[in-house]
Amino acid sequence: MIKLALFSGDGIGKEVAGEAEKVLRFIFDVNSIGYEIEGGLVGGVSYDAYKKPITDEVLKIAKEADAIIFGAVGGPKWETLPIELRPEKALLTLRYDLELYANLRPVKVYKELIDASPLKAGVVSGTDMLIVRELTGGIYFGTPRGVSDIGNGNKKGINTLSYTTKEIERIAKIAFEISKKRKKRVLSVDKANVLEATELWRNVVHDVSKNYPDVELSDMYIDNCSMQLIKQPRSFDVIVTTNMFGDILSDEASMISGSIGMLPSASLNGKKGMYEPIHGSAPDIAGQGKANPLAAILSVAMMLRYSFDMDNLAGDLERAVENVIKQGYRTQDIMTGSGLKPVSTSKMGDAVLHELKNIFKSYEKNEV
Ligand code: IPM
Ligand code: MG
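Definitions and limits used
- Residues numbered from 1 in each chain as written.
- Chains lettered and ligands numbered in written order.
- Predicted model: local features only at pLDDT ≥ 70, side-chain atom pairs only at ≥ 80, totals over all residues.
- Heavy atoms only, no water.
- Helix = DSSP H or I, 4+ residues; strand = E, 2+ residues; numbered from the N terminus.
- Rg over C-alpha atoms; globule rule 2.2 N^0.38 Å.
- Buried < 20%, exposed > 50% of the residue type's maximum accessible area, 1.4 Å probe, protein only.
- Contact = heavy atoms within 4.5 Å.
- Areas by Shrake-Rupley, 256 points an atom, 1.4 Å probe, with all protein chains shown as cover.
- Lys, Arg positive; Asp, Glu negative; His and termini not counted.
- Charge placed at Lys NZ, Arg CZ, Asp CG, Glu CD.
- Salt bridge = Lys/Arg side-chain N within 4 Å of Asp/Glu carboxyl O.
- Near = heavy atom within 4 Å.
- Polar contact = N/O pair within 3.5 Å; in protein donor to acceptor, adjacent residues only side chain to side chain.

Moving on, we get to the overall build of the protein chain. When you go through the protein chain residue by residue, the secondary structure sums to 12 helices and 14 strands. The C-alpha radius of gyration of the protein chain comes to 21 Å, within 12% of the 21 Å expected for a compact globule of 368 residues. Dimensions of the protein chain, computed from C-alpha atoms along their principal axes, come out at roughly 70 × 50 × 45 Å. Here the protein chain holds 368 residues, and the buried ones make up 52% of them. Expressed as a percentage of contacts within the protein chain between residues at least 6 apart in sequence, the contacts between residues at least 24 apart total 75%. When the accessible surface of the protein chain is split by element, carbon and sulfur atoms take 51% of a total near 16,500 Å². Taking the average place of the 46 positive charges on the side chains of the protein chain and the average place of its 49 negative ones, the gap between the two points comes to 2 Å.

Positionally, N323 belongs in helix α11 (residues 311-326). Setting aside residues up to four positions removed in sequence, N323 forms contacts with E355 and I359.

What follows concerns the pattern of salt bridges. Using the criterion set out here, one finds 19 salt bridges in the structure. R182 is paired through a salt bridge with D237; the nearest N and O atoms lie 2.9 Å apart. Of the two residues, R182 is situated in the loop between α6 (165-179) and β8 (185-190) and D237 in the loop between α8 (222-231) and β10 (238-241); the sequence distance between them amounts to 55 residues. Since its relative accessible area comes to 26%, R182 is described here as partly exposed.

A few words now on the site of ligand 1. Close to ligand 1 lie E88, L91, R95, R105, R133, Y140 and D247, which account for all nearby residues. In the environment of ligand 1, an oxygen atom lies 2.7 Å from a nitrogen or oxygen atom belonging to the side chain of R95. Between an oxygen atom of ligand 1 and a side-chain N or O atom of D247, the distance comes to 2.9 Å. Per element, the largest residue contribution to the shell around ligand 1 is three residues, and it comes from helix α4 (residues 88-97).

Here it is as structure tokens:
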């Protein structure tokens, strides 16, 4: 019996996670895969109910689950709370307590959506990269941290960027392993010309690379990388980088694909994983059926692949998404012109279900 946790969170998180759940239930039911799903409040909705962004009960559900589907957290209502109580803390706690150190963020361009990108079609077409972001270390979690009074009305804010050899080794290993199934090229991104912690990063990644003689390793500074990403996105394959650099680069890279509403992610520790769209809670469009559920639905595909080794079903789901895009179904964020079919969040989910049904039916026919 597969144990799943579903934390939809705030804003459009609820809407997109709902569609992900719909698709997931369909896939498991049709294929007679036993599962149970347990829900829980995270983020602002948890704060409203319990005065904390995540409760011990919800953390327990997360720890006991084989995989977690996560929607999004945050919103203007909670922005002025102390940092420890803000919705984002729920996400950071889940990542840290479950030691989900490897964050995979694939960026792929769909031919039909090229015009949704603010970049020229000739630049973005053919882009297919994977950002491997370290997720439980670096400046996000380093100590000392905080703001202290240093007298005379002066204050000092501190965050610490630190990495250990072990932390770098394990994330580098993930990047090299995954690259073996791709183009066998890894780019490590750092700021080794200025920051010692990332000089260590570079050296350790090079040490790990000795175990992967077939994989080509190169390095780039973060500033140059953010430029090259826009200049020649096609040239990238696997990018491995620190927590904060990965945060920034993945938002930048989302614009290559046209919409952040298309990008799924997986946060892994071995087979255990949390799967979430990389977009946030988008309070401006929440509750209106405008959100694009495809990133959340594609996160389910990543879950099938990385937590349950169901590569075929993951492929079927990805193909269903490709087909609905080919058929012209568009939420507002990926609406690129006339002659297309504008749909709401739930209608997009329905379109994916419909395609999945067709795909599964085509297998039945072949069997007879
Ligand atoms: C992300 C988000 C989070 C992060 C926030 C919501 C804490 O931006 O997943 O990229 O900074 O990691
Ligand atoms: Mg981010």
